[in-house]
Amino acid sequence: MGLLTVGTPLPWEDSRPHIEHVKRNGVEQLLHVLRAAYERNGDPLMWGDEIEYMLYRFRKAQNDVVLSVEHDGVIEELEEKYGATCAECNVSFHPEYGRYMVEATPRRPYRGLAVAEVERNMAARRHLLGMALAQTEVVPLSTTVFARMGCEDFVDLPEPWAHKNSVSRSLYLPDEIINRHTRFPTLTANIRLRRGEKVCINVPMFKDEHTPAHDDTVYERAWFSQEDRESLPASRPGHIYMDSMGFGMGCSCLQLTFSAPNVTMARYIYDSMVPLSPIMLALSAASPFFKGWLAEHDVRWNVIAGAVDDRTPYERNAVPLLPDGSLYGGIESGKTSETQRLIKSRYSVVDLYLGGNKFFSPELNNVPVAINNTVYNRLLENEIFPVDENLARHFAHLFVRDPLVIFNESLDQYNDSDMGHFENIQSTNWQTVRFKPPTQDATPGNMSVPGWRVEFRPMEVQLNDFENAAFANFVYLLVECMVEFKDDINAYVPMNLVWENMDIAHQRDSVNRRLFYWKNGFSSDIEYDTELYTMDEIFHNKENGLFPQFIDRILRRKGYVKKHWNELINSSGDLPDRRRLYYYLKLVSDRAKGELPTSASYLRHFVVTHPEYARDSRISKRIAHDLMQSSLRITNLDNSADDIIRYFGLEIGSYLLENGL
Ligand code: ADP
Ligand code: MG
Ligand code: MG
Ligand code: MG
Ligand code: MG
Ligand code: MG
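Residues numbered from 1 in each chain as written. Chains lettered and ligands numbered in written order. Predicted model: local features only at pLDDT ≥ 70, side-chain atom pairs only at ≥ 80, totals over all residues. Heavy atoms only, no water.

- The name that an unreviewed UniProt entry assigns to the protein is Glutamate--cysteine ligase, with the source organism given as Eremothecium gossypii.
- The Pathway (unreviewed entry) field of the UniProt record for the protein holds the comment "Sulfur metabolism; glutathione biosynthesis; glutathione from L-cysteine and L-glutamate: step 1/2."
- Quoted straight from UniProt, the Sequence similarities (unreviewed entry) entry for the protein says "Belongs to the glutamate--cysteine ligase type 3 family." (UniProt positions renumbered as here; feature names shortened; annotations may be inferred.)

### Quick word on the coordination of the magnesium ion (ligand 6)
Item 1. Distances from the magnesium ion (ligand 6) to its protein donors, D351 (OD) and Q431 (NE2), fall within 2.3 to 2.8 Å. Placement of D351 in the loop between β12 (347–348) and α12 (373–380) and of Q431 in strand β13 (residues 430–431) is noted, with a sequence separation of 80 residues between them. Exposure class is identical for D351 and Q431. Each is buried. (Donors = N, O, S within 2.8 Å, 3.2 Å for Na, K, Ca; no water. Helix = DSSP H or I, 4+ residues; strand = E, 2+ residues; numbered from the N terminus. Buried < 20%, exposed > 50% of the residue type's maximum accessible area, 1.4 Å probe, protein only.)

### Considering the site of ligand 1
Item 1. Taken together, the neighbourhood of ligand 1 is formed by 15 residues, with D49, E50, E103, K436 and E455 sitting nearest.
Item 2. Separating an oxygen atom of ligand 1 from a backbone N or O atom of D49 is a distance of 2.9 Å.
Item 3. At a separation of 3.0 Å, an oxygen atom of ligand 1 approaches a polar side-chain atom of E455.
Item 4. Protein chains bury 78% of the 570 Å² of accessible surface belonging to ligand 1 in isolation.
Item 5. For the shell around ligand 1, a count of residues per class yields five nonpolar, four polar and six charged. (Near = heavy atom within 4 Å. Polar contact = N/O pair within 3.5 Å; in protein donor to acceptor, adjacent residues only side chain to side chain. Areas by Shrake-Rupley, 256 points an atom, 1.4 Å probe, with all protein chains shown as cover. Nonpolar A, V, L, I, M, F, W, Y, C, P; charged D, E, K, R; others polar.)

### A short note on the environment of E381
Item 1. Mapped onto the secondary structure, E381 falls in the loop between α12 and α13 (389–398).
Item 2. Residue E381 is classed as exposed on the basis of its relative accessible area, which comes to 66%.
Item 3. Counting along the chain gives 204 residues from E381 to I177, while the straight-line C-alpha distance between them is 46 Å.

Below, the structure is given as structure tokens:
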């Protein structure tokens, strides 16, 4: 999660005079990158995943389970005690927003189709993390969200409110859950201060027989004279109300980064991934609950969007929550006339295709998107590297956001070698896909540093490494297919329909109950229409399904099958872990068909069929405890309570129980 600069982060008011400095120099840094790296060509298709874990404490004495912040030193400990082993196993650990979170990645990227290497690497990460925590009651689990995050007794802080919580001012999340590196509390406070109010998230509550009409955990408090009055007007009937950055950035996800041979291909891969994002978000759904309530949604995305939404009421085209509130939030008084309406949070679905290929036409970018005109004009006309309109628009859109954390020591940078100011803007524009430019030393001759990369960010993290490896390999094959058949695959869908799909993807069990906009064909030379399809059709239709059009096609090209991916079940052939790949693909296919539950469906079903569930949408401590025990068994492939067969079905479940890595 971003860069952990050492130094003194400026509080919001002190950072304001430097905002334009950061933007102005950020653009210059970008221009130097473009000049240095635009002609680079020939990078191999390398890639890597990121998995975020939550540390859970299964407390024997209390017979319960809570998030654990007490082991936030585990990353340093891993480095000190097991540094050499981590390097040998090709894994790295990184801090994340929550003190109870750890991110882990392969240290060096995979090269090409990696199949079970991905899962082995994931297993090594879990093993090392588990080893460092062996003497404790704490276990790392890759859950997207903890069901009781923000409820009473959800974390192992002895006195959660001992320091009150001046950073987030939340009614529910103590500041002590935030990573103690100064960047994170400052980011939290500065989002709130720029917005001028606490962040505000309302997720539709799942309505059961005895569900109350209101989230009855909302109350007025008297610690902070403004923020404590905001919650009652901010919370909506029939919704789960959340009021802090941690509810969003405290969720986990599965991200994948791919290198492209050159910038044109990076743009093409980026654009082709945009329509895939809502589809893969829906299929990986793993968040049916928030703050102790079952939700009518199944995914985390909009919660994070709300959790980091630093827009002022004016920018959101809204009225302040309180009669004495300000339309312009924390914007400097002389600057209010320069602000513009921003229709989405800085955490959101992609807004603009990048273009730069024969399939693109400007009408595909058919949604209204604000841009920073100064940045746009500078990118188009400059003496360093004039940029084409579509790429300029993308970056000029990122620059409508202000830098949120500026470090005093990093104000002065060398624009022809540093990237800090650019990264400041780039790394706090969180969209479903990220276009990652290289650094200024990534010249065509210097292939030892990474080149142009694209990051696929929508997916929810799954409990078990097999599932995460399945999603990773599936998306990898889509990307390899795009690269291999770039002249024949036109994946563009008008942007407004991608936005609509994003809303559809949030709905409970959207995989089985909703239709998504999808093209009726991908081949290059014919114009195709977009229609509504089931998820099953989107994955399996002969003419326009992901399996026939992408997966089968690339596997045939590679010579691994004659016709269909399901030939991989036959163990002949020179692809290592060929059968494992079959089961990865089968998992994705069976979930898309609705024959296997998504994570979210499984977790939701567990709650509503629990003996203690009172048909009131509430997740009690007992239910959460049993749910986490089941999650632990799924993680460890422990079928003692039959979870593995229920979760993976008989065929994949039996395969997993009989075939270790
Ligand atoms: P961020 O948090 O900025 O998205 P991370 O460093 O946490 O970035 O993760 C990036 C992922 O990209 C990791 O899985 C890493 O192995 C992978 N990666 C590193 N170098 C390359 C490269 N040259 N091409 C593709 N992927 C890479
Ligand atoms: Mg992360
Ligand atoms: Mg990362
Ligand atoms: Mg990051
Ligand atoms: Mg990432
Ligand atoms: Mg946006």
